[in-house]
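# Chain and residue survey
Each chain, letter by letter, is given below.
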Amino acid sequence: VALNVAQPAASPTETDALVIGAGPVGLFQVFQLGLQGIQAHVVDALPYPGGQCVELYADKPIYDIPGLPVCTGRELTERLLQQIKPFAATFHLGQEVATVEKMAYGRFAVETSRGIKFHSKTLFIAAGVGAFVPRSVKVDGLDFFNHTQLFYNALPPFDLGGKHVLVLGDGESALACANSLAQVGNPLHPQRPASVTLMHRRDSFKASDDTLATHHALRASKQLQFITAQPTGFAEHNGQLTGLQVVDSDAASHLLRADVVLAFLGVSPKLGPVAQWGLDLERKQLKVNTEDFATSEPGIYAVGDINTYPGKKKLILCGFHEATLAAFGAAARLFPEQPIHLQYTTTSPRLHGLLGVVPPTV
Ligand SMILES: Cc1cc2nc3c(=O)[nH]c(=O)nc-3n(C[C@H](O)[C@H](O)[C@H](O)COP(=O)(O)OP(=O)(O)OC[C@H]3O[C@@H](n4cnc5c(N)ncnc54)[C@H](O)[C@@H]3O)c2cc1C
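Here we summarise the structure given alongside this text. Please read these numbers as outputs of a predicted model, since none were measured by experiment. (Residues numbered from 1 in each chain as written. Predicted model: local features only at pLDDT ≥ 70, side-chain atom pairs only at ≥ 80, totals over all residues. Heavy atoms only, no water.)

## Topic: the site of the ligand
Around the ligand sit 32 residues in total, of which Asp44, Gln52, Tyr57, Val97 and Asp305 are the nearest. Pro24 is positioned such that a nitrogen or oxygen atom in its backbone is 3.5 Å from an oxygen atom of the ligand. Alone, the ligand offers 1,000 Å² of accessible surface; in the complex the protein occludes 86% of this. Looking at the shell around the ligand, the elements with two or more residues in it are α1 (24–35), β3 (40–44), α2 (51–55) and β10 (131–134). Of the residues forming the shell around the ligand, the biggest block, three residues, is contributed by α1. Classifying every residue of the shell around the ligand gives 18 nonpolar, nine polar and five charged. (Near = heavy atom within 4 Å. Polar contact = N/O pair within 3.5 Å; in protein donor to acceptor, adjacent residues only side chain to side chain. Areas by Shrake-Rupley, 256 points an atom, 1.4 Å probe, with all protein chains shown as cover. Helix = DSSP H or I, 4+ residues; strand = E, 2+ residues; numbered from the N terminus. Nonpolar A, V, L, I, M, F, W, Y, C, P; charged D, E, K, R; others polar.)

## Here's the deal with the pattern of salt bridges
Enumeration according to the criterion identifies eight salt bridges in this entry. For the salt bridge of Lys270 with Glu96, the shortest nitrogen-to-oxygen distance reads 3.2 Å. Remark: Glu96 occurs in the loop between β6 (90–93) and β7 (97–102) and Lys270 occurs in strand β18 (residues 267–270); sequence separation between them is 174 residues. For Asp170, the salt bridge identified is with Lys206, shortest N-O distance 3.3 Å. Pair noted here: Asp170 is in the loop between β12 (164–168) and α4 (172–182) and Lys206 is in the loop between β13 (195–200) and α5 (209–220), with a separation of 36 residues, a long-range link. The class for Asp170 is buried, based on a relative accessible area of 13%. In this structure Lys206 comes out as exposed when scored by relative accessible area, which is 63%. (Salt bridge = Lys/Arg side-chain N within 4 Å of Asp/Glu carboxyl O. Buried < 20%, exposed > 50% of the residue type's maximum accessible area, 1.4 Å probe, protein only.)

## Observations regarding the sheet that holds strand β14 (residues 225–237)
Strand order in the open sheet formed by seven strands is β11-β17-β12-β13-β14-β15-β16, and the pairing between neighbours is mixed. Two strands lie at the open edges of the sheet, namely β11 (150–152) and β16 (253–257), each paired on one side alone. The sheet shows a mean angle of 35 degrees between the axes of neighbouring strands, taken without regard to direction. Alignment of β14 against strand β15 (residues 240–248), held across eight bridges, turns out to be antiparallel. Bridge pairing in β15 places Gly233 opposite Gln245. (Pairing = 2+ DSSP bridges. Axes fitted to C-alpha atoms, helices over the stretch in contact; angles between N-to-C directions.)

Next up, the structure:
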């Protein structure tokens, strides 16, 4: 499903609702807000929506979504994106919400790790187990080269022709990236790098059979180098990274030449920012009431795995219910003069208008 991806804006984006987290519950929150006539912006640290469903078990089956006897994590995400399409939420992906501050007139100032700013009247924290951020290379000082010569889970925005490229990782993305850069005549990289080396602490990988077969063929033809080693330090010249100091499986130390390091070490959840927004927590979860899933700060709601209340169960189904009541709560807050009636999507012409559907007459 094509996403409505945000364009850079100079001034803060004014919005009625901002959803933090594009996991299944954050996505369904967009739907329920849409039914209340509230348009939302959505921020996620991952470069794609789906949260745990896509990051942790994309191809595994889920059996307890009402009305869907079985679907994979990825399928559920695709279906949710399809369902929320009429509400045209704007997605801001690949960035964490770093700060949340209370402003005058019941609004909140929010800023992401990429400096995108929002002024929102309501916030929906659907942050699950925390922001999924790339696992970093454990070498002191190396992060200085982040986005210039060190890239996480992505290719750099410049051509790698003639450069010595070091790829770190043992998963599908690390191997696929190394394979693609090492292949002579790859139309995606007409200018071949000077060298492509894959490094991992063991000579065993978690990749598909096809990717592994290509990997071994490229190693055999010496188009791709492989080293069993771990990084311990780095070398630089005039502020430019020139290589990584590594220790190999025989405990020998080497300096590996590298103009660019591409790290595919997976992601790990980081609760970090959510815990610093001054909201009441209980064992690292946000405390909410079960009437509208508001946190200790009026106007800020918490739904899905991030919240806690008596009887809480960390299930997608429960998160969907929470998102529904949070949307009713937000509607009452945003439109205090209007009575908020329960309407059915089957029969309500207002909801049909919002969904952009014309149901058949029977
Ligand atoms: C292996 C496995 C199998 C499971 N199977 C089932 C099942 O069969 N049925 C079931 O009901 N549940 C299942 N679950 C649990 C289910 O996946 C979770 O309950 C569900 O994903 C919670 O959804 P969520 O939207 O609350 O959070 P998440 O899916 O965790 O999504 C939260 C999103 O918020 C983002 N985020 C967090 N903080 C920030 C921030 N500061 N800035 C920007 N983005 C942020 C994260 O990057 C993430 O993408 C399973 C879980 C696992 C691990």
